[in-house]
Amino acid sequence: MLHPPTKGALIHYHEIALKGKNRGFFLKQLAANLRMASRDLEVGPLRRPAGRFYLEMRGGTPWEALRERFSSVFGIANFAAAFRVPPDLELMLKRIESEVAGRSFASFAVAARRAFKTFPQTSQEINQVIGTRVRLASGAKVDLSSPDLTIYIEVLPDEAFIYFEKIQGPGGLPVGVSGTVVCLLSGGIDSPVAAYRMMKRGCRVVFVHFHSQPFADRTSQEKATELARLLTRYQFASRLYVVPFGETQQEVVARTAGRFRVLVYRRLMLRMAEEIARKEGAQALVTGESLGQVSSQTLENIAAIEEAATLPILRPLVGMDKEEITHQARQIGSYEISTIPDQDCCSMFTPRQVVTRATDDEISLTERPLDLELLVQQALSTARLVELSFPA
Ligand code: ATP
Ligand code: MG
């Protein structure tokens, strides 16, 4: 008699990413994230057998649900829907025979890994014994280079895992291990991709969006909210600050020369984002800037803008071209949201001509008539906080 199978997600992480004394910290964060990603599904306790994670599916939890969730947990190298059986060759064989009986395949391979030398057979011997039995039972031939079916077996001291499909994980570092950053999220194509890349490097991202309501409509705010919602699947909980920027811009328009305005807006945005970063305990700011993409993104202007902030500004897209960024935006699913037409706050109050090289003197002269501190405080005092979570 075959026992009813226990099935669950077997998860592998990149050992290479976990070298050194941070290992324990990384694994703890990855475990917490796996639990968060599956918190509304019926699953067993998360276990950590020998260099892997295993999460048993219970009740009616479908594999597709776990598969979808874990495909956005950074730190996973690959994962699989695995049967858990006792570490005994005969029992492994029985489970495999019963699982492959319903499948049609003309060729197959067995990929066994004995993680511990205490198991009586070597990996090669397991491959041979199981290969022979499957071949006789199915009539299929062994093909190690491009088999229709691969039978994966991992033998650990107290249990063995069997699976038939290895799913590529998203890689990266578990969100939370690298600290918190504040990302300036515009509603355009670039900044959501920038946020995604920072999350993939283990950062928790707090979002800030500046809008020009009532001078513009609500579209950019709605887009920023949808983008933040989409990205929340990678970090499970997000905070989005929606900051009214229209009055600030009016003030800038009234008191400064047209050519420098975009730089002044950007510098004010950074000052506001930095205030939020301080409140949130964030250690850096993130933008979607890419070198040379528009006139405000020349090296001179990047320097002139960044001088307004004291925290480091991370620009994960700086060396990517629009095509690469767009490709990634499509993969993440942000492209469709980003390309909804809106009234960007910076283009609204922007003159046609923008300087490509501003000097520090020109900038400080331009900002002199402005009460920067007051503008920052006024905008932030009317900011709206949106909290998002995934799974909802
Ligand atoms: P994006 O596609 O992200 O909008 P962009 O190519 O339009 O970028 P810019 O308009 O120069 O480039 O903006 C550069 C960066 O400044 C953006 O990537 C974003 O990080 C930040 N930013 C610009 N406008 C806003 C806004 N309204 N709210 C928040 N951040 C903004
Ligand atoms: Mg933009």
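Worth saying up front: this structure is predicted, and the values here are computed from it rather than measured. (Residues numbered from 1 in each chain as written. Chains lettered and ligands numbered in written order. Predicted model: local features only at pLDDT ≥ 70, side-chain atom pairs only at ≥ 80, totals over all residues. Heavy atoms only, no water.)

1. Side note on the overall build of the protein
In plain terms, the rule: We count a stretch as a helix when DSSP gives it H or I for four or more residues in a row; a strand needs E for two or more, and each element gets its number in order from the N terminus. Atoms counted for the radius of gyration: C-alpha only. Globule rule: 2.2 Å times the number of residues to the power 0.38. Partly exposed describes any residue whose relative accessible area lies between the buried limit of under 20% and the exposed limit of over 50%, with all areas from a 1.4 Å probe on protein chains only and scaled to the type maximum. Throughout, a contact is declared for two residues whenever any of their heavy atoms are within 4.5 Å.
Helix and strand counts for the protein come out as 14 helices and 15 strands. In terms of C-alpha radius of gyration, the protein reaches 27 Å, well past the compact-globule figure of 21 Å for 392 residues. With the C-alpha coordinates aligned to their principal axes, the bounding extent of the protein is approximately 85 × 40 × 35 Å. Sorting the 392 residues of the protein into buried and exposed places 53% on the buried side. Here the contacts in the protein between residues at least 6 apart in sequence split such that 80% fall between residues at least 24 apart.

2. Observations regarding the sheet that holds strand E13 (residues 284–286)
Applied cut-off: Only strands that DSSP links by at least two bridges are regarded as paired with each other. To define axes, lines are fitted to C-alpha atoms, for helices over the stretch in contact only, and angles between the resulting N-to-C directions are given on a 0 to 180 degree scale.
Spatially, six strands are ordered E14-E13-E10-E11-E12-E15 in an open sheet, and the strand pairing comes out mixed. Looking at which strands have only one partner, the edges of the open sheet turn out to be strand E14 (313–314) and strand E15 (384–389). Two strands pair when backbone bridges link them, and strand E11 (residues 204–211) and strand E12 (residues 237–244) are joined in this way by five bridges, in the parallel orientation. Paired with His209 across the bridge in E12 is Val242. The strands touched by helix H6 (residues 219–231) within the sheet are E11, E12 and E15, with E11 carrying the most contacts at an inclination of about 170°.

3. Quick word on the domain arrangement of the protein
Quick note on the threshold: What counts as a domain boundary in this text is fixed by an automatic or database domain assignment. A carboxyl oxygen of Asp or Glu within 4 Å of a side-chain nitrogen of Lys or Arg is what we treat as a salt bridge. N or O atoms within 3.5 Å of each other form a polar contact, as long as, within protein, one can give a hydrogen and the other can take it, and as long as residues adjacent in sequence are counted only when both atoms are side-chain atoms.
Examined at the domain level, the protein breaks down into domain 1 (6–168) and domain 2 (180–389). Taken together, the contacts link nine residues of domain 1 with eight residues of domain 2. Across the contact surface, domain 1 and domain 2 share one salt bridge. Residues Arg233 and Glu68 are paired through a salt bridge, measuring 3.0 Å at the closest nitrogen-oxygen approach. Between the two partners, domain 1 and domain 2, sit one residue pair in polar contact (both at pLDDT 80 or more).

4. Considerations on the layout of surface pockets
To keep it simple, the criterion reads: The definitions used throughout rest on a 1 Å grid laid over the protein atoms alone, on which a cavity is an enclosed set of points accommodating a 1.4 Å probe that cannot get out and a pocket is an open set flanked by protein within 12 Å on both sides along at least five of seven lines; lining residues are those having an atom within 4 Å of a point. Grid points are joined across faces, edges and corners, and a volume is the space filled by probe spheres set on the points. Side-chain classes are defined by residue name, with Ala, Val, Leu, Ile, Met, Phe, Trp, Tyr, Cys and Pro counting as nonpolar, Asp, Glu, Lys and Arg as charged, and the others, Gly among them, as polar.
Considered as a void within the structure, the second largest pocket measures approximately 190 Å³ in volume. Lining the second largest pocket are 13 residues, and of these Pro244, Glu247, Thr248, Gln378 and Thr382 sit closest to its centre. Put simply, the parts of the chain that give the lining of the second largest pocket at least two residues each are helix H7 (246–255) and helix H14 (372–381). The biggest single contributor to the lining of the second largest pocket is H7, with four residues. Broken down by class, the residue content of the lining of the second largest pocket amounts to six nonpolar, five polar and two charged.

5. Examining the site of ligand 1
Applicable threshold: One heavy atom within 4 Å of a molecule or strand makes the whole residue count as near it. With residues, only the protein chains shown are counted as cover, and all accessible areas are computed by Shrake-Rupley using a 1.4 Å probe.
Close to ligand 1 lie 20 residues, the nearest being Leu184, Ser186, Asp190, Ser191 and Gln293. Within the side chain of Gln297, one N or O atom sits 2.8 Å away from an oxygen atom of ligand 1. Its free accessible area being 580 Å², ligand 1 has 91% of it covered by the protein chains. At the level of secondary structure, the elements contributing two or more residues to the shell around ligand 1 comprise helix H5 (190–200), E11 and helix H8 (261–280). Considering only residue class, the shell around ligand 1 consists of eight nonpolar, nine polar and three charged.

6. With respect to the nonpolar core
The criterion, for reference: In this text, buried Ala, Val, Leu, Ile, Met, Phe, Trp, Tyr and Cys residues form a nonpolar core when linked through side-chain atoms within 4.5 Å.
Ranked by internal contacts, the top residues of the largest apolar core, which has 36 residues, are Val182, Phe210, Val243, Leu268, Met272, Ile276 and Leu285. With 10 residues, H8 is the largest single contributor of residues to this core. Apart from the residues within four sequence positions on either side, Met272 is in contact with Phe210, Val243, Phe245, Thr248, Leu375, Val376, Ala379 and Leu380. In this structure, Met198, Leu240, Val242 and Leu317 belong to the second largest nonpolar core, which totals 33 residues.

7. Looking at the side chain of Thr248
Here Thr248 lies in helix H7. Residue classification places Thr248 among the buried positions, given a relative accessible area of 5%. Filtering out sequence-adjacent residues up to four positions away, Thr248 remains in contact with Leu268, Met272, Leu375 and Ala379.

8. Describing unusual backbone geometry
Following Gln213, the chain continues into Pro214 via a peptide bond in cis, with omega recorded as 5°. Inspection of the secondary structure assignment puts Pro214 in the loop between E11 and H6. You will see that Ala50, though not glycine, has its phi angle at about 30°, which is positive. Topologically, Ala50 is positioned in the loop between strand E2 (43–47) and strand E3 (53–57). Residue Ala50 is classed as partly exposed on the basis of its relative accessible area of 34%. Unusually for a residue other than glycine, Phe236 sits at a positive phi of about 75°.

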